[in-house]
Amino acid sequence: MCPMPAAATKPKANDDVMRFVMRTRRPRADKGLTAVSLFSGGGLSDAGYLAAGYTLVVQSELEPERAAIGKSNFPDSEWVVGDVRRRVDQIVKAYRQKESRPLDLLVATPPCQGLSSSNPSRGKRASKDARKNARKNALLLRIIEVARLLEPRVIVAENVRQILTHAVYWNGTKRTVVQVLKRELCDYEFWYMPVDVADYGVPQSRTRAVIVGIRKAEECVPALLKAAVAPIPAPTHCDGGGDNYKPWISVRHWCEALAYPPLDASDASRATSGDPLHSVPWYDAERYRLIADIPKHSGKSAYHNDKCPNCRRKVAVTDKARCSRCQGILWNRPIKRGRGRPRLIKGFLSSYRRMRSDRPASTITTNSSHVGSDWKIHPYENRVLSARECADIQTVPRWYNWRTALKGRQKYLIRNLVGEALPPYFTYLHGKTLAYLLKTGKVRRKQMVTLHP
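Residues numbered from 1 in each chain as written. Predicted model: local features only at pLDDT ≥ 70, side-chain atom pairs only at ≥ 80, totals over all residues. Heavy atoms only, no water.

Here the focus is the overall build of the chain. If you tally the helices and strands in the chain, you get 14 helices and 13 strands. Taking 453 residues into account, the globule formula puts the C-alpha radius of gyration at 22 Å, and the chain, at 23 Å, falls close to it. Projected onto the principal axes, the alpha-carbon positions of the chain cover approximately 75 × 50 × 50 Å. Counting the 453 residues in the chain, one finds 55% classified as buried. Relative to all contacts within the chain whose residues are 6 or more apart in sequence, the contacts with residues 24 or more apart total 66%. (Helix = DSSP H or I, 4+ residues; strand = E, 2+ residues; numbered from the N terminus. Rg over C-alpha atoms; globule rule 2.2 N^0.38 Å. Buried < 20%, exposed > 50% of the residue type's maximum accessible area, 1.4 Å probe, protein only. Contact = heavy atoms within 4.5 Å.)

What follows covers the nonpolar core. Nonpolar side chains in soluble globular proteins generally cluster together in the buried interior. Ranked by internal contacts, the top residues of the largest apolar core, which has 74 residues, are Y54, L105, I232, W254 and W402. Counting 39 residues, the second-largest nonpolar core is a separate cluster that includes V84, L140, V178 and V180. (Core = buried A, V, L, I, M, F, W, Y, C linked by side-chain atoms within 4.5 Å.)

Pairing between the strands of a sheet comes from backbone hydrogen bonds, and it takes one of two forms, parallel or antiparallel. With mixed pairing, seven strands are arranged side by side in an open sheet as β3-β2-β1-β4-β5-β9-β8. Whereas interior strands pair on both sides, the edge strands pair on one side only; in this sheet they are β3 (78–81) and β8 (188–196). Taking the axes of each pair of neighbouring strands and ignoring which way they run, one obtains an average angle of 15 degrees across the sheet. The sheet contacts of helix α3 (residues 64–73) involve β2 (54–61) and β3, and relative to β3 the element is tilted by about 175 degrees. (Pairing = 2+ DSSP bridges. Axes fitted to C-alpha atoms, helices over the stretch in contact; angles between N-to-C directions.)

Glancing now at unusual backbone geometry. Residue K320 is not a glycine yet carries a positive backbone phi of 55 degrees. In this fold, K320 is placed in the loop between α10 (285–292) and α11 (387–393). Of note in the backbone geometry, R409 takes a positive phi value of approximately 55 degrees without being a glycine.

It is worth spelling out the packing of aromatic side chains at this point. In this structure the tally under the stated criterion is nine aromatic pairs. For the pair F20 and Y425, a centre-to-centre distance of 5.5 Å together with 70 degrees between the ring planes defines the contact as edge-to-face. Separated by 405 residues along the polypeptide, F20 in helix α1 (residues 16–22) and Y425 in helix α14 (residues 424–440) bring together distant segments of the chain. Judged by relative accessible area, F20 falls into the buried class, the value being 11%. Note on Y200 and F426: the rings are 5.0 Å apart at their centroids and 75 degrees apart in plane angle, and the pair reads as edge-to-face. (Phe/Tyr/Trp six-rings, centres within 6.5 Å; stacked < 30°, edge-to-face > 60°.)

On to the environment of E151. Following the sequence through the fold, E151 ends up in the loop between α6 (143–150) and β5 (154–160). The class of E151 is partly exposed, set by a relative accessible area of 47%. In this structure, the C-alpha to C-alpha distance between E151 and V17, residues 134 residues apart in sequence, is 33 Å. Excluding anything up to four places from it in sequence, E151 contacts L103, V146, Y188 and R215.

Evaluation of the coordinates by the stated rule reveals 22 salt bridges. The salt bridge partner of D30 is K439, with a shortest N-O separation of 3.4 Å. With D30 in the loop between α1 and β1 (33–38) and K439 in helix α14, this pair connects stretches of sequence that are 409 residues apart. Looking at D30, the relative accessible area reads 42%, which means it is partly exposed. By relative accessible area, K439 is classed as exposed at 51%. Across the salt bridge formed by D239 and R359, the nearest N and O atoms sit 3.0 Å from each other. Here the residue D239 occupies a position in the loop between β11 (237–238) and β12 (246–247), and R359 occupies one in the loop between α10 and α11, the gap between them amounting to 120 residues. A single salt-bridge network, built from bridges that share partners, covers E63, R66 and E420. (Salt bridge = Lys/Arg side-chain N within 4 Å of Asp/Glu carboxyl O.)

Below, the discussion takes up the environment of L103. Among the structural elements, L103 can be located in the loop between α4 (88–98) and β4 (105–108). Each C-alpha atom of the pair L103 and V36 lies 7.7 Å from the other, and the pair is 67 residues apart in sequence. With near-sequence residues (within four places) excluded, L103 lies in contact with T34, A35, V36, Y95, L150, E151, P152 and R153.

Turning next to α14. Between its first and last C-alpha atoms α14 spans 24 Å; for 17 residues at 1.5 Å apiece the expected length is 24 Å, and the two agree. The element α14 is extensively covered by neighbouring structure, given that 13 of its 17 residues are classed as buried. Two residues or fewer after α14 comes G441, characterised by a positive phi angle close to 75 degrees. (Expected span 1.5 Å × (residues − 1).)

Turning to the packing of α6 against helix α7 (residues 177–184), a few remarks are in order. Their axes nearest at 11 Å, the elements α6 and α7 cross at an angle of 25 degrees. Judged by the angle between their axes, α6 and α7 are roughly parallel. At the point where α6 passes α7, the crossing takes the right-handed sense. Along its contact with α6, which presents I143, I144 and R148, the element α7 presents V180, L181 and E184. In the contact of α6 with α7, the residues fall into four nonpolar, no polar and two charged. (Parallel < 35°, antiparallel > 145°, perpendicular 65-115°, else oblique. Left-handed = near helix turned anticlockwise from the far one by under 90°. Nonpolar A, V, L, I, M, F, W, Y, C, P; charged D, E, K, R; others polar.)

Under the defined criterion, the tally for this structure stands at zero disulfides. Unpaired in this structure, C308 has its nearest cysteine sulfur neighbour in C326, at a distance of 3.6 Å. For the unlinked cysteine C311, the closest cysteine sulfur is that of C308, found at 3.7 Å. (Disulfide = S-S within 2.5 Å.)

A full pass over the atoms with the stated rule returns one cavity of 30 Å³ or more. In this model, the largest cavity occupies a volume close to 30 Å³. For the lining of the largest cavity, the elements supplying multiple residues, two or more each, are β5 and β9 (207–215). The element that contributes the greatest number of residues to the lining of the largest cavity is β9, accounting for three residues. Within the lining of the largest cavity, the residues separate by chemical class into eight nonpolar, one polar and no charged. (1 Å grid on protein atoms, 1.4 Å probe; cavity = no way out; pocket = protein on both sides within 12 Å on 5 of 7 lines; lining within 4 Å. Points joined across faces, edges and corners; volume = space filled by probe spheres on them.)

Okay, structure coming up:
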């Protein structure tokens, strides 16, 4: 085992993040503020706003299976199922039928095809895939039509950080998403920046762009501009800690604090537990060796496994697919199977790699069950993370009910929904910040992000 560096810290049962995750009773909204959510998925990110006191009045989702899971967790909300681009009137009508009050918060968390850091073609914006996903990458702008009709006091949009520089065509002109929002919603003052949720005590490194628009007529807007702060909560943690910041939460300490039952991918019986969400894929002997030979806690990749599985002698990285001593195939490295000369599978340096024990977990993605994806192997057990661990690391509260997905034999959706969400603990903190601004019109300067010239 490697020693614990100073940057790692162990969460305790009374830590705010852990209390948020382990809560088993669904919170009640305080009826003071209303919210509409677009591209809701299963409502995981909305769970944070609910905990912050917002009433989710309307939620929209394209896919019926995801909406059904969300509906089971937000039974009082009106779920509009279908393409937002064709459901604007329905969304507006549903809100007006249920609420006479002005809308306080409009949230949009659309998918991000072609821009995600887990997409191998990212950055190739002139590629065939980029053109194919262009319309989906502009989905965030569908918030404009809804905002014009419902006139929310606050707009929050979230996506991968590349959305801040990604150009889209709008009315025949090429502009960034932020430029379009400012141009089309001129009654709003906008703030935007990337945030890493690890800076808020979430045991995961996940950088996302957060865009906030507040109606210029709101009392808090002049105060925000004068104080030179953004309506986004100030970070509480940083790498290593210090200067009144707590250190990041490492994945090892998080897993040890929650004491998950150990799992192993060597066979089906050892890859499951009594918790239906705490199970992992299991592999044949050759594929299992690929994981097991990576030193625990090392953060290393299977591409660098340095013992031949045949003669057990030390091999060099340059040997690649065959041992230079016994000429045996190095099956404990990612070798392409099938006919022809054995060779390594092409991949990034982060492929087939253990997470580092002394750091926050890598970004939880929809591919969390794929051993060959970026940084997906457990830091010290021979397996990937379970859906339960992924959900907890994403700070999905335990009161969130997955029964609909489990009954429908749609366990794959659980990992997808978890991987797509903005961690609910961050939306909880952000929701509280926005609620204070809307209710008081005042600014707590030290509790918000300071803007630098």
